[in-house]
Amino acid sequence: MLSRTLLRMGRQRPAAMLPSFARSYASSSNKKDDTTHFGYRTVNTEDKEKLVRGVFSLVASNYDVMNDAMSFGVHRLWKHHFINRLDAGMRPGALKPLDFLDVAGGTGDIAFGLLDHASKNFGDVSSTMTVADINPDMLAEGKVRYEASKWNDGSNRVTFLEQNGETMDAIPDASKDVYTIAFGIRNFTNIQAGLNTAYRVLRPGGVFACLEFSHVDNPVVDYAYQAYSFGLLPLMGQLIANDRDSYQYLVESIRRFPKQDDFSSMIKKAGFYVPEPGYENLTFGVASIHIGVKL
Amino acid sequence: MFRLISRCSRRAYHSTSHPASNIIVNKRTPQGVLFSKALDYVPKYGFSKNSINAAVADLGYSDSIQSAVSALSQHSPEYGLVLFWLQSQRQKLYDHALNENADFHSIGDEYSRAAYLIKERLGYNEPIIDHLSEALSRLILPYNWQLSLEELHNLSDDIAFYAGDESNDSAWYAKRFLLSTIYVKSELFMLQDSSAGFERTHAYVDESVAAMKSMGYSYSSVEQWAMFNAISIVNLIKSQLTRG
């Protein structure tokens, strides 16, 4: 969901909000206990949530265009692939419907995609979907889309919830079957806390699935990819959306996100069982799918 | 007799950094648990999603666990089930070959042992014989070839090894290739076989292995003859050159 991330590029620019923080290439994200990274900048932990919220507060249709322009439409294929790979849904004759939770899924594209897949492939019309997002503006956008969609059929299967992904106060323990997060976990202040919470809210047998930007293995491809993302993306952001800094944050936060194996270890650390081979790379590793099973 | 097999089947190369593992399938992983249970339903539903669905319901999981099987695999869950079945049958063959009480250990000849193992392995197909063609059709799909062939090679390698193969030249490859061929041919033969207890299939395996043995004998004889003549020619040339 490049779209999701990009859609959230904010009215308030991070650079403008951070006059006193010089860019830092610190290798550790937490030099002191109370700081974290925001792209390549080091900021106070309590500020990051606000900053991310700020970055993602405006939704505009030209970001959809931007999105397609920047990823050449590939983000749609990734999303589609992600949903197919999960192949989630209540099978005919199964005992109970599934409870889905899509985190950082404000606009609902993954959520609706999952419901669509379940109903088309398994005739599942009873599983429930909770869309959680920290940003009320994004949720409002999701609701608008929901009301216009076929899922608004009076069954109230889809609910929208404003929640911090790291705590999920409103979601009880062991209450969900499938936890999905697409292009969202990168923006968590404490990623491990988010994973621990995912473990908490899932039932035994539940699946954690994450689609996120990742790292390209092939050095030649990586060179081209880095040149493109650092050289062209902020420029395109400036030209198309008139917002260079948010796109600078986007590429920096991608670069800062843990590598595939490291992220896989974090999922294991949260308590999940990770099936072999741990992750699947998409488009040379520009994005990857991670899976964890709560046993 | 068991001592004989363990002596015959000692591998020439031994790595201390990779302790020998006899675990072909890990039945403790979620996939292992799910597929093991699904195999119980294969005689009824075949290698289909229905078997997996029934296993999920039987184990009391919700359907979310199915994502654990599908999410990171390039292959369909049905193919995963077929492959799991093949691997678990190979594990069964392994356990049988190491069972001291098996008739297997009273057979001395390498080729007879190979034939015995092939027949034993084919016997494991009996409970699912109605669904075997379905499994084979999944195995030969172009995007599944690689893993299927690897599994077939592993099987023929195991058979050759337990039979006591000690070759270390091109015969090593030839034996494994021929055993794979015989296994596949016999399995296809078995699909058409209506005789009681698959007697005709057994006869077919014996015949094929005997042919392989005579082929090996013929090859060795030709090789011996060719070497003799080659050396003779060299010597002849040398002697002519010496005479000037």
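By convention here, each chain's residues receive numbers from 1 onward along its written sequence. In the order they appear in the text, chains get letters beginning with A and ligands get numbers beginning with 1. For a predicted model such as this one, the threshold for reporting local features is a pLDDT of at least 70, and the threshold for listing and counting side-chain atom pairs is 80 or more; totals across whole chains, interfaces and linings nevertheless cover every residue. The side-chain figures draw on all heavy atoms in the structure; neither hydrogens nor water molecules are used.

Visitor: Which residues make up the interface of chain B and chain A, and what are the values?
Guide: A contact between two residues is defined here by any heavy atoms of the two lying within 4.5 Å. If you look at the interface, chain B gives 20 residues, while chain A gives 27 residues. Buried area, as used here, totals the accessible surface that two parts lose on assembly, with accessibility defined by a 1.4 Å probe and the loss added over both. For the pairing of chain B and chain A, the buried interface totals around 1,900 Å² over both sides, and the portion due to carbon and sulfur atoms is 58%. It is Asp63, Ser64 and Leu72 of chain B in chain B that bury the most area against chain A; as a group they hold 32% of the surface buried on that side. When a carboxyl oxygen of Asp or Glu lies within 4 Å of a side-chain nitrogen of Lys or Arg, that pair is called a salt bridge. Our enumeration of links across chain B and chain A arrives at one salt bridge. With a closest N to O distance of 3.9 Å, aspartate 87 of chain A and lysine 49 of chain B form a salt bridge. Pairs of N or O atoms are called polar contacts if they sit within 3.5 Å, as long as, within protein, a hydrogen donor faces a hydrogen acceptor (for residues adjacent in sequence, only side-chain-to-side-chain pairs). At the junction of chain B and chain A, the tally comes to 10 residue pairs in polar contact (both at pLDDT 80 or more). Those elements giving two or more residues to the side of chain B that touches chain A turn out to be helix 2 (30-45), helix 3 (49-59) and helix 4 (66-70) of chain B. If one sorts the elements of the side of chain B that touches chain A by residue count, helix 4 of chain B sits on top with four residues. Note on residue categories: nonpolar means Ala, Val, Leu, Ile, Met, Phe, Trp, Tyr, Cys or Pro, charged means Asp, Glu, Lys or Arg, and polar means any other residue, Gly included. Partitioning the side of chain B that touches chain A into residue classes produces seven nonpolar, 11 polar and two charged. Secondary structure is summarised from DSSP: a helix means a run of H or I of at least four residues, a strand means a run of E of at least two, and numbering begins at the N terminus for each.

Visitor: Before we move on, could you go through the pairing of strand 1 (residues 35-38) of chain A and cite the residues and values that matter?
Guide: Alternating positions in strand 1 of chain A separate into two faces, Thr35 and His37 of chain A on one and Thr36 and Phe38 of chain A on the other, with burial throughout. Hairpin connection from strand 1 of chain A to strand 2 (residues 41-44) of chain A: two residues lie between these consecutive antiparallel strands, with glycine 39 of chain A at a positive phi of about 65°. Between buried and exposed lies partly exposed: a residue is buried under 20% and exposed over 50% of the maximum accessible area for its type, with that area taken using a 1.4 Å probe on protein chains only. Only strands that DSSP links by at least two bridges are regarded as paired with each other.

Visitor: Would you mind going over the UniProt feature "domain: COQ9 C-terminal" (unreviewed entry) in chain B in detail, with residue names and values included?
Guide: Feature annotation in UniProt places "domain: COQ9 C-terminal" (unreviewed entry) on residues 146-215 of chain B, given in this structure's numbering. This span, residues 146-215 of chain B, is 83% helix and 0% strand, and a straight line between its end C-alpha atoms measures 28 Å. UniProt positions are given in the numbering used here, feature names are shortened, and annotations may be inferred rather than shown by experiment.

Visitor: I'd like a description of the sheet that holds strand 4 (residues 128-133) of chain A, backed by residues and values.
Guide: Adjacent strands of a sheet pair through backbone hydrogen bonds, lying either parallel or antiparallel. All names here are of chain A. Strand order across the open sheet formed by seven strands is 5-4-3-6-7-9-8, with mixed pairing between neighbours. Either end of the sheet is taken by a strand with one partner, and the two such strands are strand 5 (158-162) and strand 8 (279-282). The mean inter-strand angle of the sheet, taken between neighbouring strand axes irrespective of direction, is 15°. Bridge count for strand 8 against strand 9 (residues 287-293) is four bridges, and the pairing is antiparallel. Across the sheet, residue tyrosine 279 finds its bridge partner in strand 9, namely histidine 290. Axis definition: a line fit to C-alpha positions, over the contact stretch in the case of helices; interaxial angles, taken between N-to-C directions, run 0 to 180 degrees. On top of the sheet, helix 7 (residues 136-148) reaches strand 4 and strand 5; it is set at about 165° to strand 5, its chief contact. Docked against the sheet, helix 8 (residues 191-201) engages strand 3 (99-103), strand 6 (176-182) and strand 7 (202-213), running at close to 145° with respect to strand 7.

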